[in-house]
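Geometric and topological summary
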Amino acid sequence: KKSAFYSFLIGCALLLSFAVVSSPFVIIVVTFIASCFIAVSFPSINGACADYVSESPEIEKEIETTEDFSLNIGYLFGPILAGILADGFGNANSFAIFGALGVIVAIILIKLTPKTINLNADKILENVEV
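Residues numbered from 1 in each chain as written. Predicted model: local features only at pLDDT ≥ 70, side-chain atom pairs only at ≥ 80, totals over all residues. Heavy atoms only, no water.

1. A few points about a nonpolar patch on the surface
A cluster of nonpolar residues, Ile10, Phe25, Val26, Val29, Phe32, Ile33 and Phe37, forms a patch on the protein surface that exposes about 620 Å² of accessible area. Sorting elements by how many residues they give to the nonpolar patch places helix α2 (residues 24-55) first, with six residues. By secondary structure assignment, the location of phenylalanine 25 is in helix α2. You can call phenylalanine 25 exposed: its relative accessible area is 61%. (Patch = residues over 30% accessible without salt bridge, like charges linked within 9 Å, V, L, I, M, F, W, Y side chains within 5 Å. Areas by Shrake-Rupley, 256 points an atom, 1.4 Å probe, with all protein chains shown as cover. Salt bridge = Lys/Arg side-chain N within 4 Å of Asp/Glu carboxyl O. Helix = DSSP H or I, 4+ residues; strand = E, 2+ residues; numbered from the N terminus. Buried < 20%, exposed > 50% of the residue type's maximum accessible area, 1.4 Å probe, protein only.)

2. Here we look at the layout of surface pockets
Think of a ball as big as a water molecule: rolled over the atoms, this probe shows where empty space is left. For the largest pocket, the calculated volume is near 1400 Å³. Around the largest pocket, the lining is made up of 38 residues, and of these Phe8, Phe42, Ser70, Leu71 and Gly74 lie nearest the centre. Elements supplying a minimum of two residues to the lining of the largest pocket: α1 (2-15), α2, α3 (60-89) and α4 (91-112). Here the lining of the largest pocket takes twelve residues from α3, the largest share from any one element. Classifying every residue of the lining of the largest pocket by side-chain character gives 25 nonpolar, ten polar and three charged. One number sums up the size of the second largest pocket: a volume of about 190 Å³. (1 Å grid on protein atoms, 1.4 Å probe; cavity = no way out; pocket = protein on both sides within 12 Å on 5 of 7 lines; lining within 4 Å. Points joined across faces, edges and corners; volume = space filled by probe spheres on them. Nonpolar A, V, L, I, M, F, W, Y, C, P; charged D, E, K, R; others polar.)

3. Digging into the side chain of serine 41
Tracing the chain through its elements places serine 41 in helix α2. For serine 41, a relative accessible area of 6% corresponds to the buried category. For serine 41, the side chain forms a polar contact with the main-chain oxygen of isoleucine 38, separated by 2.6 Å. Not counting chain neighbours up to four residues away, the residues in contact with serine 41 comprise Ala4, Ser7 and Phe8. (Polar contact = N/O pair within 3.5 Å; in protein donor to acceptor, adjacent residues only side chain to side chain. Contact = heavy atoms within 4.5 Å.)

4. Structural notes on the nonpolar core
Judged by nonpolar contacts, Leu9, Cys12, Leu15, Phe18, Val30, Ala34, Ile38, Ala96, Val103 and Ala106 together constitute the single largest core of ten residues. Only α1, α2 and α4 provide two or more residues apiece to this core. Discounting residues that sit within four places of it in the chain, alanine 96 has contacts with Leu15, Leu16, Phe18 and Ala19. Listed in part, the five residues of the second largest apolar core include Tyr52, Val53, Ile59 and Ile63. (Core = buried A, V, L, I, M, F, W, Y, C linked by side-chain atoms within 4.5 Å.)

In structure tokens:
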């Protein structure tokens, strides 16, 4: 989880530079480096979810459903928000705004996510209808 949160934080912090950078070459380089850092976070989070499944295989469906739902919500609202921001603030500034939002989210996750998450499968399964 730490590698996911910190790589996401660094990648989003690099996107903040879009507000002040105007050189096309620098923008390409910053985009590449930021994308590399953000790309590290996705497999790291998938690995954390796989660990949760291996620790509690009886709630595998619930974990995978939550993971898929979150990803699909991001694919739905991300492009909509990007289009609205691009119309209102311009393309470069919309990247900077997404960077700022990402930095805020990463800092919140770093501060609030516990080191270990204990899944009590029996308690979770009580609330699941079969």
